[in-house]
Amino acid sequence: MRTIYFDNNATTKVADEVLEEIKPYFCELYGNPSSMHTFGGQVGIKIREAREKAAALLGCDPGEIIFTSGGTESDNAAINGVLTATPDKRKVITSRVEHPAVLSVCKQLEDRGYTVIELKVDKQGRLNLDELEKQIDDDTALVTIMYANNETGVIFPVEQIAELVKSKGSVFHTDAVQAVGKIPINLSKSSIDLLSISGHKLHAPKGVGILYVRKGTRLAPFMLGGHQEKGRRAGTENVPSIIGLGKACELAMQNFGEENKRVKNLRDKLEKAILKKCPDCMVNGDTENRLPNTSNISFEFIEGEAILLMLDKFGICASSGSACTSGSLEPSHVLRAMGVPFTAAHGSIRFSLSRYNTEEEVDYTIEKMPEIVNRLRKMSPYVTG
Ligand code: PLP
């Protein structure tokens, strides 16, 4: 059976061009980029090129790029690195809808005696900037707010937030794992101090990422050891994946506008048709400020998991907004924070597209969805008559 992959916010296919680029770095050009000999040195040159390509996509200086093992490490390194470098400040501000890579670190900080403020969001998943402004004080070491939400695709006004944080003399980190490659980011015209990226959301391999650190930002190194990444992140580089991430950044730049417009049109077609053909469903999140590839739809009176299983039977991959915790289905913390009603939060499905999706795949899914929803509703204990 063929696979229709609408789960690109979970991970993406490695682009063919990326795979081609990285193949030689396993068995032929396997030297250590830090070695003095030419064999290793030529690998070092490729890492430098990858750094330049990533910097070009982000509009920053190559020296501001640190390669990491992915989004989780970048988030951990940013938060802990800033706090270690500013030991006199004890407050961190974040939002309730961050990825666990940020929220779990913040929970641990609370246990260590830090004050952590988790900002609320409204029904559309939007932040209240007045509330943020009120919370930033002299004790605030860091504000960490995501660029775009992984579940709903809602984009936060991070440039405006960065300006506000800067004017108050604090440091701003953003988890841009879901935003990079999907919406334009230009760090040369920005006040963002730190920004996290993950390779596998961008058609590069899994287990590689970037932490952008604006020149002059005080950051203690997270991994200690060798002198790699100018001593800011020790450990022999994940050479093939870094080179692959550089290529993926280059590809993202090449067809940026065209590609994202096409993906948005496909997403819109899918979403509109589902809303039209399936009664009692609604889109979660601010549809005005949203990633072009993401649609989070709640289907009343049915479980998201049941929809996923039936989609899976047709070879369609998506994901749901609830997680199975100790035998019961818990609605996601993001939908809960938005105040999505219980029955709707339980029946939420996220479709996330990429440049590799086709109109034919969208049409096939549009054909199957009403059938799936009708069948499940007939079995639902919530629906009578
Ligand atoms: N931040 C966000 C918003 C994410 O969506 C993810 C992954 O789903 C991560 C961080 C973690 O990235 P990684 O899987 O590269 O550790």
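Residues numbered from 1 in each chain as written. Predicted model: local features only at pLDDT ≥ 70, side-chain atom pairs only at ≥ 80, totals over all residues. Heavy atoms only, no water.

S.K.: Describe in detail the site of the ligand, supporting the description with residues and values.
M.R.: Around the ligand, 13 residues are found, and the nearest of them are Thr72, Asp175, Gln178, Ser198 and Lys201. Interatomic distance of 3.4 Å between a side-chain N/O atom of His99 and an oxygen atom of the ligand. Starting from 400 Å² of accessible surface for the ligand in isolation, the protein chains cover 85%. In this structure the site holding the ligand corresponds to the largest pocket. A breakdown of the residues in the shell around the ligand according to their chemical character gives two nonpolar, eight polar and three charged. (Near = heavy atom within 4 Å. Polar contact = N/O pair within 3.5 Å; in protein donor to acceptor, adjacent residues only side chain to side chain. Areas by Shrake-Rupley, 256 points an atom, 1.4 Å probe, with all protein chains shown as cover. 1 Å grid on protein atoms, 1.4 Å probe; cavity = no way out; pocket = protein on both sides within 12 Å on 5 of 7 lines; lining within 4 Å. Sits in = over half its atoms within 2 Å of the grid points. Nonpolar A, V, L, I, M, F, W, Y, C, P; charged D, E, K, R; others polar.)

S.K.: Quick rundown of the sheet that holds strand β3 (residues 91–95)? Include the residues and the values.
M.R.: Taken together, seven strands build an open sheet; the order of strands is β2-β8-β7-β6-β5-β3-β4 and the sheet is mixed. Taken across any chain shown, the strands that pair with only one partner, and hence form the sheet edges, are β2 (65–68) and β4 (115–119). Neighbouring strand axes in the sheet, compared pairwise and without regard to direction, differ in orientation by 20 degrees on average. The pairing of strand β7 (residues 194–198) with strand β8 (residues 209–213) spans five bridges and is classified as antiparallel. Residue Ser198 lies in a different strand from β8, and its bridge partner there is Gly209. Helix α5 (residues 100–111) contacts β3, β4, β5 (140–144) and β6 (171–175) of the sheet and is inclined by roughly 150 degrees relative to β3. (Pairing = 2+ DSSP bridges. Helix = DSSP H or I, 4+ residues; strand = E, 2+ residues; numbered from the N terminus. Axes fitted to C-alpha atoms, helices over the stretch in contact; angles between N-to-C directions. Contact = heavy atoms within 4.5 Å.)

S.K.: With reference to specific residues and values, describe the sheet that holds strand β12 (residues 319–320).
M.R.: Overall, antiparallel pairing links the four strands, which are arranged β9-β10-β15-β12 in an open sheet. The outermost strands of the open sheet, each flanked by one partner alone, are β9 (281–283) and β12. For strand β10 (residues 294–299) and strand β15 (residues 348–352), the ladder comprises five bridges, and the chain directions are antiparallel. Paired with Thr294 across the bridge in β15 is Ser352. Of the strands in this sheet, β10, β12 and β15 are in contact with helix α10 (residues 304–313), which crosses β15 at around 45 degrees.

S.K.: Requested: an account of empty space enclosed by the protein, with residues and values cited.
M.R.: Enumeration according to the criterion identifies three cavities of 30 Å³ or more in this entry. In this structure, the largest cavity spans a volume of roughly 190 Å³. Lining the largest cavity are 16 residues; nearest its centre among them are Gly181, Lys182, His203, Asn260 and Arg355. Within the lining of the largest cavity, the residues separate by chemical class into five nonpolar, seven polar and four charged. Space inside the second largest cavity adds up to approximately 60 Å³. For the second largest cavity, the full set of lining residues is Ile66, Thr68, Glu73, Ala77, Leu211, Leu219, Ala220, Phe222, Arg232 and Arg233. Listed by contribution, the elements that provide at least two residues to the lining of the second largest cavity are β2 and α4 (71–85). Counted by class, the lining of the second largest cavity contains six nonpolar, one polar and three charged residues. (Points joined across faces, edges and corners; volume = space filled by probe spheres on them.)

S.K.: Kindly report on the nonpolar core, identifying the contributing residues and their values.
M.R.: Judged by nonpolar contacts, the single largest core of 67 residues is most densely connected at Tyr147 and Leu195. At eight residues, the largest contribution of residues to this core is made by helix α8 (residues 239–254). Beyond its immediate sequence surroundings of up to four residues, Leu195 is in contact with Leu58, Tyr147, His173, Thr174, Ala176, Val180, Ile185, Leu187, Ile210, Leu211 and Tyr212. Core analysis: the next-biggest nonpolar cluster, separate from the first, contains 28 residues, Leu266, Ala273, Val362 and Met369 among them. (Core = buried A, V, L, I, M, F, W, Y, C linked by side-chain atoms within 4.5 Å. Buried < 20%, exposed > 50% of the residue type's maximum accessible area, 1.4 Å probe, protein only.)

S.K.: Explain the layout of surface pockets to me, and be specific about the residues and the numbers.
M.R.: Size it by volume and the largest pocket reaches roughly 360 Å³. In this structure, the largest pocket is lined by 27 residues; those nearest its centre are His99, Asn150, Val177, Gln178 and Lys201. Ranked by residues supplied to the lining of the largest pocket, first place goes to α4 with three residues. Among the residues forming the lining of the largest pocket, the class breakdown is nine nonpolar, twelve polar and six charged. The residues that make up the lining of the largest pocket include at least three from each of domain 1 (4–12 + 256–379) and domain 2 (16–254). Lining the second largest pocket are 16 residues, with Ile47, Arg51, Glu229, Lys230 and Glu237 sitting closest to its centre. Here the lining of the second largest pocket takes five residues from helix α3 (residues 38–58), the largest share from any one element. For the lining of the second largest pocket, a count of residues per class yields five nonpolar, five polar and six charged. (Domains from an automatic or database assignment.)

S.K.: I'd love a proper account of the domain arrangement of the chain, names of residues and values included.
M.R.: The assigned domain composition of the chain is domain 1 (4–12 + 256–379) and domain 2 (16–254). Computed over C-alpha atoms only, the centres of domain 1 and domain 2 are separated by 28 Å. Opposite the 27 residues of domain 1 that make contact, domain 2 presents 35 residues. Interface area for domain 1 against domain 2, summed over the two sides, is near 2600 Å², with a carbon-plus-sulfur share of 53%. Counting across the interface, domain 1 meets domain 2 through zero salt bridges. Our enumeration of links across domain 1 and domain 2 arrives at 19 residue pairs in polar contact (both at pLDDT 80 or more). It is helix α11 (residues 333–337) that contributes the most residues to the side of domain 1 that touches domain 2, four residues altogether. (Buried area = accessible area lost by both parts, 1.4 Å probe. Salt bridge = Lys/Arg side-chain N within 4 Å of Asp/Glu carboxyl O.)

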